[in-house]
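Given next are the chains, with one letter for each unit.
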Amino acid sequence: MTETRHFKLTCIVCPLGCEIEVKMEGDKIVEVTGFTCPKGKEYAIQEVTAPKRVVMSVIKVKNGDFPTVSVKTDRPVLKKLIPKIMKELAKVEVEAPVELGQVIVENIANSGANIVATRPVKRI
Amino acid sequence: MQNDYDVVVIGGGPAGLAAAIKAKEYGLRVLVIENRETLGGIPLQCVHPGFGLHYFKEDLTGTEFIYRFINKFLEMGIEYHTGAHVVSIEPFSDLEKRLTVVTSKGVLEITTTTIIYATGARERHPFEIGITGHRPAGVYTAGEAQTMMDIDGIMPGKEIVIVGSGDVGLIMARRFALEGAHVKAVIEIMPYPGGLMRNIVQCLQDFGIPLYLSHAVTRIEGTKRVEKVIVTKVDENLKPIPGTEKEIPCDTVIIAAGLVPYLKVLEKAGIIIDPATRGPVVNEYLETSIPGVFVAGNALVINDLVDYVVEQGELAAKGAYLYVQNKGIPTKKWKRIVKGRNIRLVTPHYISGDNDVILYARVQKPEEKVKLRFPEIDKEIKLPFVRPAEMLRIKLKKEELARAKDKITMEVVPHD
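None of these values were measured; they are calculated from a predicted model.

Each value, and the rule that gives it
- Residues numbered from 1 in each chain as written.
- Chains lettered and ligands numbered in written order.
- Predicted model: local features only at pLDDT ≥ 70, side-chain atom pairs only at ≥ 80, totals over all residues.
- Core = buried A, V, L, I, M, F, W, Y, C linked by C-beta atoms within 7 Å.
- Buried ≥ 20, exposed ≤ 12 C-beta atoms within 10 Å, placed from the backbone.
- Helix = DSSP H or I, 4+ residues; strand = E, 2+ residues; numbered from the N terminus.
- Contact = placed C-beta atoms within 7 Å.
- Pairing = 2+ DSSP bridges.
- Axes fitted to C-alpha atoms, helices over the stretch in contact; angles between N-to-C directions.

Trainee: Honestly, the nonpolar core in this entry has me stumped. Any pointers?
Mentor: Across soluble globular proteins, nonpolar side chains have a tendency to be buried as a group. All names here are of chain B. Judged by nonpolar contacts, the single largest core of 110 residues is most densely connected at A19, I116, F294, A296 and A320. Of all the elements, helix α7 (residues 306-326) adds the most residues to this core, at 11 residues. Not counting chain neighbours up to four residues away, the residues in contact with F294 comprise T114, I115, I116, Y117, Y285, L286, E287, T288, A316, G319 and A320.

As structure tokens, this is what we get:
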């Protein structure tokens, strides 16, 4: 007999914060309720199987008009990879100029996501 | 004699940039005055996503969001001063306002027909929330810590206690945790969290950070650097309960106790302020009690979403355009927006009924299964829940407003 489990989640896709319930039998999702958009349903399924997040940080910049550039993963990454990604990012330093959207690290920590700049930095 | 400008926008953050771009599109002569060295305002230091879901239908970081406006603003060649401080506004007549502006190049005297005041908010500080004790190093507001970490790349500390569970506090908790600091607790005086549920999940639960509801930091101790805080339970009147004190050792205290519209210069000019929003009393064009002075963004009301801030900036620009065209906002028989049951604040305060209007409101207390009711216009909206942390943005149509005579009440009532 397969075990039936209920997960109660607060959706984080947008600020509405829908309360979504997922019913699982064993590893199978049998019912998702409470979402108001398809993205919410997708999030809930993801969250109970392999939760993902976008990771954000800043990295050091040499010779820039700002001392740092803000960065993020260009797609959500598995939550369990976040500490490893942060450790790798701490070692990264770039030279100005940096363009908004520029790829700083490809496939960081084998997550399948690139680290991209979210703020431009001019060279001084 | 013609004024130097049709509209001077004070503040180069999201509200100000959106207002300036819109005003320029209307063909007005625009000047933006920004007191920092760069345009962009607070989103420049917001490296987290969640910006622009409504406006651009995309999930952007604060930095990405604001650069869309900065780039457009610069492409349009709109005039601006950075590192410039407006020290006074003198409403000389309805059609002439005189500004005194201190810049690195000297003091400027500028005349303008209208003003859009978009200076954002200031942070509440420890003395406003009853924290006593020593005054060691290591006490920062959330915004200061954010500037240090995400602009300057400096960690303010290692063992962190955050005071306040609004979105700003929650987002900083996550930033500290991500960057390797130990966030020991988030302390919230109210019995419910101050921020959006999604931020409770992704900023606290993701990192196992404890949230203490109905607790207050009553004392900070430490000789040179913060050594610990004293946390006390509070009763239903938010008064600390003696005997419930406990110590949390830490080296850094982050004050995220909310924002207050920053209106210093407008207050000196004699603006009328709503004690609930702590922003100016405005009509549907976001015009204040001084004719031709408009307000937008967090200087108007503390918003949850930058998308609303931009929307207000664009509306204020429309107001300024109408003002310049008609030498004043055409006089209306204004209808009052009245706060009914479980409504803590609402803005704008006066509407004409000639236009569709967006109301921004907050409730006093959380409730489930309610309806939002406007009895004078027979409008009801069912909502699964309302929370003080989540601003209500309600559009009322012109046709609906026509049914009201002199006031429109907004109230939250239970439904079954």
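Trainee: Just checking my understanding: could you explain the sheet that holds strand β2 (residues 19-25) of chain A for this structure?
Mentor: The pairing of strands in a sheet happens through backbone hydrogen bonds and is either parallel or antiparallel. Residues and elements named next belong to chain A. Reading across the sheet, the 3 strands line up as β1-β2-β3 and stay open at both edges, with antiparallel pairing between neighbours. Each edge of the sheet is formed by a strand with only one pairing partner; in this case those strands are β1 (4-10) and β3 (28-33). Here the average twist between neighbouring strands, direction ignored, is 20 degrees. Strand direction decides the pairing type here: β2 and β3, joined by 5 bridges, are antiparallel. Each bridged residue has a counterpart across the sheet, and for E25 the counterpart in β3 is K28. Taken strand by strand, helix α1 (residues 38-49) contacts β1, β2 and β3, and its axis lies near 50 degrees from that of β2.

Trainee: Help me understand the pairing of strand β8 (residues 106-117) of chain B, please; the structure alone is not making it clear to me.
Mentor: When a strand is regular, its side chains alternate between the sheet's two faces. Residue and element names in this part refer to chain B. Both strand β1 (residues 5-10) and β8 contribute to a ladder of 5 bridges, which runs parallel. Paired with Y5 across the strands is T112, a residue of β8. Bridge count for strand β7 (residues 96-103) against β8 is 7 bridges, and the pairing is antiparallel. Pairing of V102 across the sheet is with V107, part of β8. Linking β7 to β8, which pair antiparallel, is a turn of 2 residues. For β8 and strand β20 (residues 293-295), the ladder comprises 3 bridges, and the chain directions are parallel. Bridging from a neighbouring strand, I116 pairs with F294 of β20.

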